[in-house]
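Fold and geometry: a report
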Amino acid sequence: MELTDKDLVIRLKQNDEVAFEALFRRYYRYLYSIAVQYLKDPVLAEDALQEIYLKLWVNRSQLDELQSVRSYLATAMRHQVLNSIRDNKRAILRHITHQASQSDTDTTTEETLLFNEYSSVFREGLRKLSAQRRLVFTLRSEQGLSNEEVASKLKISINTVKVQYYQACRFLRDYLRQHAGIEAMLLIMAAFCS
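My aim in this report is to walk through the structure given alongside it, one point at a time. (Residues numbered from 1 in each chain as written. Predicted model: local features only at pLDDT ≥ 70, side-chain atom pairs only at ≥ 80, totals over all residues. Heavy atoms only, no water.)

Examining the packing of aromatic side chains
Applying the stated criterion across every chain, the model contains 7 aromatic pairs. Geometrically, the ring pair formed by tyrosine 28 and tyrosine 32 is stacked, given 6.1 Å between the ring centres and 10° between the ring planes. Highlighted residues: tyrosine 28 and tyrosine 32, both in helix H2 (residues 17-39), separated by 4 residues, approximately one helical turn. Residues phenylalanine 171 and tyrosine 175 carry aromatic rings whose centres are separated by 5.7 Å and whose planes lie at 25° to one another, so their mutual orientation is stacked. Of this pair, phenylalanine 171 and tyrosine 175 both sit in helix H9 (residues 158-179), 4 residues apart, which is roughly one turn of that helix. Aromatic rings pair up to connect Phe20, Phe24, Tyr28, Tyr32, Tyr53 and Trp57 into one cluster. A cation sits over an aromatic face here: arginine 60 above tryptophan 57, 3.9 Å from the ring centre. Above the ring of tyrosine 165, the side-chain terminus of arginine 140 is found at 3.9 Å from the ring centroid. (Phe/Tyr/Trp six-rings, centres within 6.5 Å; stacked < 30°, edge-to-face > 60°. Helix = DSSP H or I, 4+ residues; strand = E, 2+ residues; numbered from the N terminus. Lys NZ or Arg CZ within 6 Å of the ring centre and 35° of its normal.)

Here's what the structure looks like:
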């Protein structure tokens with residue numbers, strides 16, 4: 001007889017490693033699919049998954065066996081994904097660029113098609129920004145320059161950089177919400193405007 005999630009959580013709270021392994025096996029694919037859907041990189045998805053399970057083990061005594069462990073893990077994974085996007089935005093951008101440059105024969109999966117559509121909408125939104133706002137956004141987000149470095153490079157005030165960057169992020173957030181949906185907006189804005 002297979003143990004319920006509630007039984008496994010009770011055993012996990014008693015430091016039962018077998019219960020931990022059972023929860024790991026039960027939810028691994030589900031959590032991995034969440035991570036890879038947003039991070040688009042199997043290595044980053046695996047790292048996020050390891051972090052979630054490490055946190056599950058470390059915080060096992062605080063679990064509530066009456067709450068859904070599946071929901072707990074999914075919520076933890078979404079938070080981990082956002083942190084990972086923020087911390088790995090350059091790697092994700094490289095992956096986006098690589099995916100976008102693949103030949104048409106390589107872009108047959110639904111995920112790749114959707115991803116290419118999001119990238120296209122994002123690039124279209126970037127083109128709608130004024131030249132200076134687009135440059136400020138690109139220098140800050142893609143090249144990782146600080147406000148001070150952008151101001152020095154463009155010979156404008158730091159306050160102007162902050163305002164231009166904020167307005168670019170706000171425009172792109174709204175543009176993505178209207179043209180690509182919430183998933184794309186979360187992915188791209190967490191990567192660039194955090």
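Once you've had a look at it, read on.
What about the nonpolar core?
In terms of nonpolar packing, the biggest core is built from 28 residues, with Leu31 and Met77 touching the most fellow members. Mapped by element, the contributors of at least two residues to this core are helix H1 (5-13), H2, helix H3 (42-58) and helix H4 (69-87). Excluding its chain neighbours within four sequence positions, the residues that come into contact with methionine 77 are Leu31, Ile34, Ala35, Ala48, Leu49 and Ile52. The next biggest cluster of nonpolar side chains, apart from the first, holds 17 residues, and it includes Phe137, Leu139, Tyr165 and Ala168. (Core = buried A, V, L, I, M, F, W, Y, C linked by side-chain atoms within 4.5 Å. Buried < 20%, exposed > 50% of the residue type's maximum accessible area, 1.4 Å probe, protein only. Contact = heavy atoms within 4.5 Å.)

Details of the pattern of salt bridges
One pass over the full model with this rule turns up 4 salt bridges. A salt bridge links arginine 26 to aspartate 5, with the shortest nitrogen-to-oxygen separation between them at 2.5 Å. Of this pair, arginine 26 sits in helix H2 while aspartate 5 sits in helix H1, and the two are 21 residues apart along the sequence. Residue arginine 26 is classed as partly exposed on the basis of its relative accessible area, which comes to 28%. (Salt bridge = Lys/Arg side-chain N within 4 Å of Asp/Glu carboxyl O.)

Some words on the side chain of aspartate 16
Topologically, aspartate 16 is positioned in the loop between H1 and H2. One polar contact links the side chain of aspartate 16 to the main-chain amide nitrogen of alanine 19, over a distance of 3.1 Å. Setting aside residues no more than four positions away along its own chain, aspartate 16 makes contact with Arg11 and Trp57. (Polar contact = N/O pair within 3.5 Å; in protein donor to acceptor, adjacent residues only side chain to side chain.)

Quick notes on the environment of asparagine 83
Here asparagine 83 shows up in helix H4. Placed 35 residues apart in sequence, asparagine 83 and alanine 48 show a C-alpha to C-alpha distance of 9.2 Å.

Examining the packing of helix H8 (residues 147-154) against H9
Each pair of packed helices can be summarised by the angle the axes make with each other and by the distance between the axes. The N-to-C vectors of H8 and H9 enclose an angle of 110°; their axes lie 8 Å apart at closest approach. Here H8 lies roughly perpendicular to H9, going by the angle between them. Packed against H8, whose contacting residues are Asn147, Glu148, Val150 and Ala151, the element H9 presents Ile158, Val161 and Lys162 at the interface. Of the residues that constitute the contact of H8 with H9, the class distribution is 4 nonpolar, 1 polar and 2 charged. (Axes fitted to C-alpha atoms, helices over the stretch in contact; angles between N-to-C directions. Parallel < 35°, antiparallel > 145°, perpendicular 65-115°, else oblique. Nonpolar A, V, L, I, M, F, W, Y, C, P; charged D, E, K, R; others polar.)

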